[in-house]
Amino acid sequence: MSSNPTVSVFGASGYAGALAADLVQKHPNFKLKAITSRSDAGRKLNELYPHYRVAQELEEFDINRHGDVDAAIVAYPHGAAAPIVKELIEGGVKVVDLSADFRLRDQATYEEWYVPHQAPELLADAVYGLPELYRDQIKHAQLVANPGCYPTAAILALRPLATELEILDVVIDAKSGVSGAGRAATDKTHFVAVDENVSAYGVPRHRHTPEIEQELAALGSPVTITFTPHLVPLDQGELVSCYVSVAGGVGGELEGMYEDYYEDEAFVELATTPPGVRDVRDTNICRISVHRDERTGRAIVFGAIDNLWKGTASQAIQNLNLMFGFDEGAGIS
């Protein structure tokens with residue numbers, strides 16, 4: 001392997017894939033080798049997204065032509081990603097998968113919330129790609145399952161509570177810009193529907209629910225959550241508001257607890273006031289603010305990320321940096 005590993009982005013015509021291609025092209029260590037698209041093959045990426053300045057042509061994916069790389073970012077929808085990932089893994093390629101296909105460790109849970117799994121034999125070796133929790137495992141992984149955007153913000157916001165206290169109940173009220181729904185326009189994400197409007201969706205069963213529950217349980221808090229996402233009239237950005245009941249109520253230790261967990265994390269910022277999505281726009285940062293509700297004894301935790309960056313594409317680069325032994329912030333700081 002060269003000092004500049006080759007990376008291809010498969011599914012680069014979507015919002016997350018396009019940003020990932022741009023970040024790889026600008027990266028000081030990686031070399032962007034190929035970008036693919038099923039719907040826009042033959043077009044250059046900078047025709048679709050002029051602001052990214054990626055002049056490479058999108059190609060139709062062919063494992064025989066595109067499998068000769070050191071690493072791949074797979075930006076396919078759930079269900080469609082698994083077969084591609086399997087072919088790449090069999091060829092010795094390191095993979096960061098942006099779909100949900102390898103995030104859930106239990107096949108039955110995945111199939112309950114998604115579709116029949118196309119490569120269940122890879123589940124045991126896939127590492128959940130939240131570096132703040134699984135940094136050491138990611139360093140040695142061949143397959144990393146990039147977390148969903150909502151789980152990224154929610155798990156980071158709740159991590160200290162889930163680890164140190166006994167969570168009895170948590171309600172997560174989440175809001176995201178419409179880019180989180182993907183590039184394909186639908187009735188609910190059309191400009192006319194979202195402008196000057198806020199609406200809930202995925203009620204009462206959003207697919208990110210078991211992912212959040214899985215990771216909270218792994219931290220020591222097996223809890224059934226209430227999770228409701230909303231679309232807001234923004235192109236990108238995400239805010240989660242978490243209302244948490246813990247055994248015995250929360251005391252005055254909250255701020256110190258969060259400082260202990262995140263003082264050495266370059267991409268987690270703690271704030272004394274609730275964050276806004278502009279605070280983290282176009283960054284790999286999760287900005288967190290924790291508060292004690294003295295009247296109810298609950299903790300209220302806010303987490304803000306850019307859903308296309310820390311929620312997807314820049315976190316994929318953070319994972320690739322770890323997988324190849326580069327500085328974790330290379331190309332995204």
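About the cut-offs
- Residues numbered from 1 in each chain as written.
- Predicted model: local features only at pLDDT ≥ 70, side-chain atom pairs only at ≥ 80, totals over all residues.
- Heavy atoms only, no water.
- Helix = DSSP H or I, 4+ residues; strand = E, 2+ residues; numbered from the N terminus.
- Salt bridge = Lys/Arg side-chain N within 4 Å of Asp/Glu carboxyl O.
- Buried < 20%, exposed > 50% of the residue type's maximum accessible area, 1.4 Å probe, protein only.
- Core = buried A, V, L, I, M, F, W, Y, C linked by side-chain atoms within 4.5 Å.
- Contact = heavy atoms within 4.5 Å.

A.B. asks: What is the right way to read unusual backbone geometry from this model?
C.D. replies: Along the chain, V203 connects to P204 via a cis peptide bond; the corresponding omega equals 0 degrees. Summarising the element assignment, P204 is placed in the loop between strand 9 (199–200) and helix 9 (209–218). Here the phi dihedral of E196 falls at roughly 55 degrees; this positive angle occurs in a residue that is not glycine. Phi is positive for D282, which is not a glycine, with a value near 60 degrees. Here D282 lies in the loop between strand 12 (268–270) and strand 13 (286–293).

A.B. asks: In this structure, what is going on with the pattern of salt bridges? I would like to understand it.
C.D. replies: Pairs can form between side chains of opposite charge whenever their charged atoms are close. Applying the stated criterion across every chain yields a total of 20 salt bridges. Among the salt bridges present, the one from E59 reaches R65, with a minimum N-O distance of 2.9 Å. Residue classification places E59 among the partly exposed positions, given a relative accessible area of 25%. Exposure remark for R65: the relative accessible area of 49% places this residue in the partly exposed category. A salt bridge links K310 to E132; the shortest N-O distance between them is 3.1 Å. You can see K310 sitting in helix 11 (residues 309–323) and its partner E132 sitting in helix 6 (residues 131–139), a full 178 residues away along the chain. Here K310 matches E132 in class, with each residue buried. Taken together, the shared-partner salt bridges connect D40, R43 and E47 into one network.

A.B. asks: Explanation requested: the nonpolar core in the structure shown.
C.D. replies: Nonpolar side chains tend toward joint burial in soluble globular proteins. Counting residues in hydrophobic clusters, the biggest one holds 87 residues, and the most contacted among them are I73, L161, V170, I172 and L320. With 10 residues, the top contributor of residues to this core is helix 7 (residues 149–164). Not counting residues up to four positions away in its chain, the partners in contact with V170 are L158, L216, V223, I225, T226, C242, Y243 and V244. V74, V95, L123 and A126 belong to the second largest nonpolar core, which has 21 residues in total.

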